[in-house]
Amino acid sequence: MSPSPASKAKGKADEPQTIELISAEVKSSGLDKMRVVGGARLKGDIPISGAKNAALKHMCAALLTDEPVQFTNMPNSLIDVRTLAQVLNHLGMTVALRSDGVAILRTKDITSHIAPYDLVRKMRASVIVLGPLLARHGQAEVSLPGGCALGGRPVDLHIQGLKAMGAEIDLDGGYIKAKAPKGLTGAVINFPVSSVGATENLMMAATLAKGETILKNAAREPEIVDQGEALIKMGAQIEGLGTPEIRIQGVDKLKGAVHDVVADRIETGTYMCAVGLCGGQVRLQNTRTDFLSALIARLELAGVEIKQDGADVLVHRNGSKLKGVDIMTEPYPGFPTDLQAQFMTMLTLCEGAGMVTETIFENRFMHVPELIRMGANITVQGNTALVRGVDKLKGAEVMATDLRASVSLILAGLVADGETTVNRIYHLDRGYEDIVAKLGNVGAEIERLKG
Ligand code: UD1
């Protein structure tokens with residue numbers, strides 16, 4: 001199927017290279033499983049991909065202009081990227097996802113304003129087409145999203161914000177039906193809670209609205225900053241990125257641009273936790289420490305050493321036991337909810353105990369029963385899990401129902417005695433490029449079994 005980032009780097013410099021296109025069609029990974037044998041210390045290099053959660057929003061931003069937009073460092077092989085490519089193609093965008101991590105997107109005309117259920121149900125982030133479609137085309141119908149099973153996950157903030165900008169919106173037959181026949185108008189929008197998706201959706205909508213939009217209590221995640229920077233290259237007028245107040249002056253038209261996608265901090269953090277758990281020394285290539293301060297502070301307390309080395313990050317842990325540390329998930333710059341499951345897995349083998357509190361999503365402890373089946377000692381009460389360290393985990397057959405829970409079970413398998421089989425790995429393919437090659441190259445025993 002897809003080229004690995006590892007293989008992206010391997011072509012010989014003097015050979016002319018054919019750059020293949022990756023098909024947006026996704027073959028079902030159905031019953032595929034991952035087999036992991038525990039015990040290896042990790043040693044070597046892991047290339048980090050561009051951030052999925054930035055890439056998806058960049059793709060939607062290409063709806064805002066009739067000129068071509070080009071992104072580099074794109075995680076093009078991810079199922080989420082390819083699924084969104086299908087949604088956008090349906091709306092009139094031509095999408096070329098290249099095997100070298102370049103994506104070239106052009107929406108000469110919007111040919112449909114409907115994002116149908118069949119496509120949107122596979123990925124919640126599709127709701128982000130709502131703002132750009134309304135802003136450029138004055139009309140949008142988007143099926144209410146599916147995606148990870150993380151509790152209710154409403155989209156009320158997206159809808160209220162667009163209404164404040166003058167859109168008329170109805171919920172009908174499972175669709176969000178929105179119209180702005182006279183165009184959107186700038187507004188002051190004060191979010192009651194910090195929402196990544198709503199901030200991005202409204203920021204995009206505001207780029208082409210009349211007048212000024214002020215987003216208060218805006219989310220500050222690095223992927224939003226990255227998106228804002230790309231929009232600025234496209235001609236948008238945006239101030240305050242990375243702060244709780246973003247100001248956008250609407251312009252008449254946006255233009256094409258070229259932008260390099262920020263590194264995936266969640267993938268980076270996942271591999272940091274893997275080294276914490278297994279021990280060893282790994283160089284994470286082409287990524288940063290500064291956008292993971294909350295995680296790194298906790299990893300250091302637990303006994304993992306981390307330092308930036310030029311464009312790479314070095315992660316090291318010797319044989320000593322990890323110390324128990326408490327974490328609580330919060331909006332950025334707090335501890336990311338998308339790293340909670342991986343950190344909890346690391347705590348299963350700690351000295352003493354660690355407490356994990358999840359404040360962003362309800363129903364985000366789905367990995368806990370599976371970790372317990374592998375021998376972990378975890379007690380859940382409400383949104384808190386107390387993890388008491390045990391001496392070892394034991395391999396088992398396990399299954400996960402969301403992206404980060406799935407990867408946390410892979411991590412558990414890396415240290416468990418014997419063999420672990422992770423079922424239903426569809427979710428992993430949504431968000432981790434080449435995980436088998438990346439972990440295999442640093443010494444892990446991991447293989448994909450066709451179902
Ligand atoms: C994004 C990320 C996801 C990450 C999450 C939080 C993408 C594709 N996904 O999801 O990986 O876990 O940020 O960092 O970028 N909420 C409402 N009403 C709304 C919108 C959100 O109540 O209209 C609530 C949610 O239920 C949740 C909280 O706000 O409790 C934060 O959600 P949000 O930041 O919007 O997450 P996503 O953008 O969906």
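Residues numbered from 1 in each chain as written. Predicted model: local features only at pLDDT ≥ 70, side-chain atom pairs only at ≥ 80, totals over all residues. Heavy atoms only, no water.

Novice: Would you mind going over helix 2 (residues 52-61) in detail, with residue names and values included?
Specialist: Residue pairs spaced three or four apart in an α-helix point in one direction, given the helix's 3.6 residues per turn. The buried count for helix 2 comes to nine of 10 residues, which makes it a mostly enclosed element. Considered for burial, the residues of helix 2 that qualify are Lys52, Ala54, Ala55, Leu56, Lys57, His58, Met59, Cys60 and Ala61. (Buried < 20%, exposed > 50% of the residue type's maximum accessible area, 1.4 Å probe, protein only. Helix = DSSP H or I, 4+ residues; strand = E, 2+ residues; numbered from the N terminus.)

Novice: Could you give an account of the sheet that holds strand 12 (residues 237-239), with specific residues and numbers?
Specialist: The strand order across the open sheet built from four strands is 10-11-13-12, with neighbouring strands paired in mixed fashion. Unpaired on one side and paired on the other, strand 10 (188-190) and strand 12 mark the two borders of the sheet. In this sheet, adjacent strand axes meet at a mean angle of 15° when their direction is disregarded. Bridging between strand 10 and strand 11 (residues 212-216) involves three bridges; their strand directions are parallel. Across the sheet, Ile189 pairs through a bridge with Leu215, a residue of strand 11. Against the sheet, helix 7 (residues 196-207) makes contact with strand 10, strand 11, strand 12 and strand 13 (245-249), and its axis sits at roughly 25° relative to strand 13, the strand it touches most. (Pairing = 2+ DSSP bridges. Axes fitted to C-alpha atoms, helices over the stretch in contact; angles between N-to-C directions. Contact = heavy atoms within 4.5 Å.)

Novice: Lay out the sheet that holds strand 17 (residues 312-317) in plain terms, naming residues and giving numbers.
Specialist: As summarised here, the arrangement of the four strands in space is 2-15-17-16, forming an open sheet in which the pairing is mixed. Every interior strand has two partners, whereas the edge strands, strand 2 (42-47) and strand 16 (305-309), have only one. Along the sheet, successive strands turn relative to each other by an average axial angle of 15°, direction set aside. Of the strand pairs in this sheet, strand 2 and strand 15 (residues 280-285) are connected by six bridges, and their pairing is parallel. Residue pairing across strands places Pro47 opposite Gln285, the latter belonging to strand 15. Against the sheet, helix 9 (residues 265-278) engages strand 2, strand 15, strand 16 and strand 17, with an angle of about 25° to strand 17.

Novice: Tell me about empty space enclosed by the protein, and please be specific about residues and values.
Specialist: One pass over the structure, following the stated rule, counts two cavities of 30 Å³ or more. Lining the largest cavity, in full, are Thr337, Asp338, Gln340, Ala341, Gln342, Arg364, His367, Asp402, Arg404 and Ala405. Taken together, the elements giving at least two residues each to the lining of the largest cavity come down to helix 11 (340-347) and helix 13 (403-415). Tallying contributions element by element places helix 11 first for the lining of the largest cavity, with three residues. (1 Å grid on protein atoms, 1.4 Å probe; cavity = no way out; pocket = protein on both sides within 12 Å on 5 of 7 lines; lining within 4 Å. Points joined across faces, edges and corners; volume = space filled by probe spheres on them.)

Novice: An account of the pairing of strand 17 is requested, with residue identities and associated values reported.
Specialist: With five of its six residues buried, strand 17 lies for the most part within the structure. The sheet contact formed by strand 15 and strand 17 spans five bridges and is antiparallel. Considered in strand 17, the bridge of Val282 is made with Val315. Connecting strand 16 to the next strand, strand 17, in antiparallel fashion are two residues, including Gly310 with a positive phi near 65°.

Novice: Tell me about the packing of aromatic side chains, residues and numbers included.
Specialist: Considering all chains together, one arrives at one aromatic pair under this definition. Plain terms: the ring middles of Phe335 and Phe343 are 5.5 Å apart, the flat faces sit at 80° to each other, and that makes the pair edge-to-face. Phe343 sits in the buried class, given a relative accessible area of 0%. (Phe/Tyr/Trp six-rings, centres within 6.5 Å; stacked < 30°, edge-to-face > 60°.)

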